[in-house]
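Examination of the molecular architecture
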Amino acid sequence: MTVTESAPGGSGPGGCASEECAPTGSSPAGARALHEGILRRQSARESSARTYARALPIVPVRARGLTIEGADGRRYLDCLSGAGTLALGHNHPVVLEAVRKVLDSGAPLHALDLATPVKDAFVDELFRTLPAGFADHARVQFCGPAGTDAVEAAFKLVRAATGRAGIMAFAGAYHGMTAGALAASGHAPDVRVARLPYPQDYRCPFGVGGPRGAELAARWTESVLDDPRSGVPLPAGMILEPVQGEGGVIPAADDWMRRMRRLTAERSVPLIADEIQTGVGRTGAFWGVEHSGVTPDVMVLSKAIGGSLPLAVVVYRDDLDVWEPGAHAGTFRGNQLAMAAGTATLTHVRENRLAERAATLGSRMLSQLGALAEEYPCIGEVRGRGLMIGLELVDPTGAAPEEDVTPPLPGARVPRPAAPELAAAVQRECLRRGLIIELGGRHASVVRLLPPLTITDEQSAAVLDRLADAVEAAARTHTDRARRTGPPGRQQRSSGRAGGAG
């Protein structure tokens, strides 16, 4: 197998101190037995709620940067990055050094919400990165360690500040798995939040896409806010993602974002930006809202801000700070190691201009994937922003819309039925080739790439090569099974791409 980055060895940080979990030097049969035994025990003992482990049956024992080494000795290029948590990849040296420094200092690792030098440094660096003008009038609330808790805190905050109860959210949204956050997500089983259309091109809810589709979505929102018979009282807040991640990697149009900011500001409705996955350079700006120049009233942050460790915060305008002491708390809101790792990550991204790097490399990858989509009709659309990239897989033989419905944009493909089984096949083929990717979207038909911001040009080429081979293999199998009667599938490419990851 060809890899572009070596996994770390040894028993130091990033390695494995136990010979029992170290495949290096062991026989292939022994490594496989270790790997299979751990997976078997996981299946027998862990909850049925586990998710990634079902689609990605690997046992990571070492990791560095983009590379993971499994207990079976295989190496993988990781474009899942902890669901976007690992802005700098696995075990980045600046993160490890920050954690070691705290451990060696004798500082407390648990401090509730007490002031500490580690926390003070984190807040300084966080405020240094915030959108222009926001930090001058901002407060920060440390929450429980998951992003969903930050969303819950944000909802409680705007309800307390406005005296209102309702929340406005958008179709396709994902804000977490606790009750309030789930209610605002696109797959909520019990709707208690007003749902609004989120503009998109390929599957525009109004059938037009582009600026016109975004304008219609904005008009719908304005109507709901202003119509006294809309059935939706003036809400306590509106929550949106600058790029819908789990919803299918759908970037919000900048004009639409500015329109949402104007609509909410004119009606004294706090605007909550969910930057849990889009933040810390992921989209090609430090914060996703910066593409549109929007400054929200509230930002919910998690994932990358902890530098791979659990951390979540809410940052908001100081005039919203009406809470009484203890109005929102949590035992594990003072994780010193996470704050130290987060400070190191934020600083490294800022000082090394990794957001700009993500914009440049992401644009190049999107262009290359666009060429792949021209070759394979099972790729309905390639979209994304920065290093948050998605390919929607479709059934090219499925029924097309009525002939009088024009494509969403000039040159765009007519939307076809989503193909979740094909997407799952692509994920499996990627894993066979040593590439870890995630699926998302409304029908789990979107292949998602979330590589670390530190990915090199060489590594990105390896990722795209393996992905292209996986799409080809999955499409060929899909074509054979469907016994298509249309034009024959394309012949297998003969490039020198890497094969398996073993």
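Residues numbered from 1 in each chain as written. Predicted model: local features only at pLDDT ≥ 70, side-chain atom pairs only at ≥ 80, totals over all residues. Heavy atoms only, no water.

Turning our attention to the pairing of strand 5 (residues 167–170). A regular strand places its side chains so that they alternate between the two faces of the sheet. Along strand 5, one buried face is formed by Ile167 and Ala169 and the opposite face, lined by Met168 and Phe170, is buried too. Relative to strand 6 (residues 194–196), strand 5 runs parallel, the two sharing three bridges. Residue pairing across strands places Ala169 opposite Arg195, the latter belonging to strand 6. (Buried < 20%, exposed > 50% of the residue type's maximum accessible area, 1.4 Å probe, protein only. Helix = DSSP H or I, 4+ residues; strand = E, 2+ residues; numbered from the N terminus. Pairing = 2+ DSSP bridges.)

Read from one edge to the other, the open sheet built from four strands follows the order 1-2-3-15, with strand pairing classed as mixed. Strand pairing shows two members of the sheet lacking a second neighbour, strand 1 (60–64) and strand 15 (435–436), which therefore form its edges. Inspection of the sheet shows strand 1 paired to strand 2 (residues 67–70) by four bridges, in the antiparallel sense. For Ala63, the partnering residue across the bridge sits in strand 2 and is Ile68.

Attention now moves to the packing of helix 8 (residues 210–226) against helix 9 (residues 254–266). Running from N to C, helix 8 and helix 9 point in directions that differ by 15°, and their axes come no closer than 10 Å. Between helix 8 and helix 9, the interaxial angle falls into the category roughly parallel. Taken as a pair, helix 8 and helix 9 cross one another with a handedness that is right-handed. Two secondary-structure elements touch here, helix 8 through Ala214, Glu215, Ala217, Ala218, Arg219, Thr221, Glu222 and Leu225 and helix 9 through Trp256, Arg259, Met260 and Leu263. Its residues assigned to classes, the contact of helix 8 with helix 9 comprises seven nonpolar, one polar and four charged. (Axes fitted to C-alpha atoms, helices over the stretch in contact; angles between N-to-C directions. Parallel < 35°, antiparallel > 145°, perpendicular 65-115°, else oblique. Left-handed = near helix turned anticlockwise from the far one by under 90°. Contact = heavy atoms within 4.5 Å. Nonpolar A, V, L, I, M, F, W, Y, C, P; charged D, E, K, R; others polar.)

As a further point, take the sheet that holds strand 16 (residues 438–440). Taken in spatial order, the four strands of this open sheet run 13-14-17-16, and their pairing is antiparallel. Both outer strands of the open sheet, strand 13 (379–385) and strand 16, are each paired with one neighbouring strand and no more. Here the average twist between neighbouring strands, direction ignored, is 25°. Here four bridges tie strand 14 (residues 388–393) to strand 17 (residues 446–449), and the two strands are oriented antiparallel to one another. Paired with Glu392 across the strands is Val446, a residue of strand 17. Here helix 11 (residues 354–375) sits on the sheet and contacts strand 13, strand 14 and strand 17; the angle it forms with strand 13, its principal contact strand, is near 175°.

It is worth spelling out the packing of aromatic side chains at this point. Applying the stated criterion across every chain, the model contains six aromatic pairs. Judged by centre distance (6.1 Å) and plane angle (75°), the ring pair of Phe170 and Tyr198 falls under edge-to-face. Note that Phe170 is positioned in strand 5 and Tyr198 in the loop between strand 6 and helix 8, a separation of 28 residues in sequence. The same class applies to Phe170 and to Tyr198, which are both buried. (Phe/Tyr/Trp six-rings, centres within 6.5 Å; stacked < 30°, edge-to-face > 60°.)

Quick look at the confidence of the model for the chain now. In regions of low pLDDT, the predicted coordinates are not meant to be interpreted in detail. Confidence in the prediction of the chain, expressed as mean pLDDT, is 86, and 84% of residues score 70 or more. Mean pLDDT across the secondary structure elements of the chain bottoms out at helix 7 (residues 179–183), with 61, and peaks at strand 17, with 98. Counting interchain partners and residues more than four positions distant, the pLDDT-below-50 stretch residues 1–22 has 49 contacts. (pLDDT = per-residue confidence, 0-100.)

Before going further, it helps to examine the nonpolar core. In terms of nonpolar packing, the biggest core is built from 95 residues, with Phe122, Leu126, Trp256, Trp287, Ile379, Leu449 and Leu467 touching the most fellow members. In this view, Leu449 contacts Cys79, Met365, Leu369, Leu387, Met388, Ile389, Ile437, Val463, Leu464 and Leu467; residues no more than four positions away in its chain are not counted. In terms of nonpolar packing, the next biggest core, distinct from the first, is built from 22 residues, Cys143, Val151, Leu157 and Ile276 among them. (Core = buried A, V, L, I, M, F, W, Y, C linked by side-chain atoms within 4.5 Å.)

Further remarks concern empty space enclosed by the protein. Per the stated rule, a full pass over the model turns up two cavities of 30 Å³ or more. Here the largest cavity is characterised by a volume of approximately 50 Å³. Contributing to the lining of the largest cavity are Pro242, Val243, Ala252, Asp254, Met257, Thr283, Gly288, His291, Ser292 and Arg385. Split into classes, the residues belonging to the lining of the largest cavity amount to four nonpolar, four polar and two charged. Space inside the second largest cavity adds up to approximately 30 Å³. (1 Å grid on protein atoms, 1.4 Å probe; cavity = no way out; pocket = protein on both sides within 12 Å on 5 of 7 lines; lining within 4 Å. Points joined across faces, edges and corners; volume = space filled by probe spheres on them.)

The next thing to look at is the packing of helix 4 (residues 93–105) against helix 10 (residues 336–351). Orientation of helix 4 relative to helix 10, taken along the N-to-C sense of each, is 145°, at an axis distance of 8 Å. In this structure, helix 4 meets helix 10 at a crossing whose hand is right-handed. In this structure, helix 4 uses Val94, Val95, Ala98, Val99, Val102 and Leu103 to contact helix 10, whose residues at the interface are Leu337, Ala340, Ala341, Ala344, Thr345 and His348. Its residues placed into classes, the contact of helix 4 with helix 10 shows ten nonpolar, two polar and no charged.

In terms of burial, strand 12 (residues 313–317) is a largely internal element, four of the five residues being buried. As judged from the five bridges shared by strand 4 (residues 138–142) and strand 12, these two strands associate in the antiparallel manner. Bridge pairing in strand 12 links Val140 to Val315.

As a further point, take the pattern of salt bridges. Evaluation of the coordinates by the stated rule reveals 28 salt bridges. A salt bridge links Arg75 to Glu69; the nearest nitrogen and oxygen atoms lie 3.9 Å apart. On the basis of relative accessible area, Glu69 is assigned to the buried category, the value being 4%. Connected through shared salt-bridge partners, Glu215, Arg219, Glu222, Asp226, Arg259, Glu266 and Arg267 make up one network. (Salt bridge = Lys/Arg side-chain N within 4 Å of Asp/Glu carboxyl O.)

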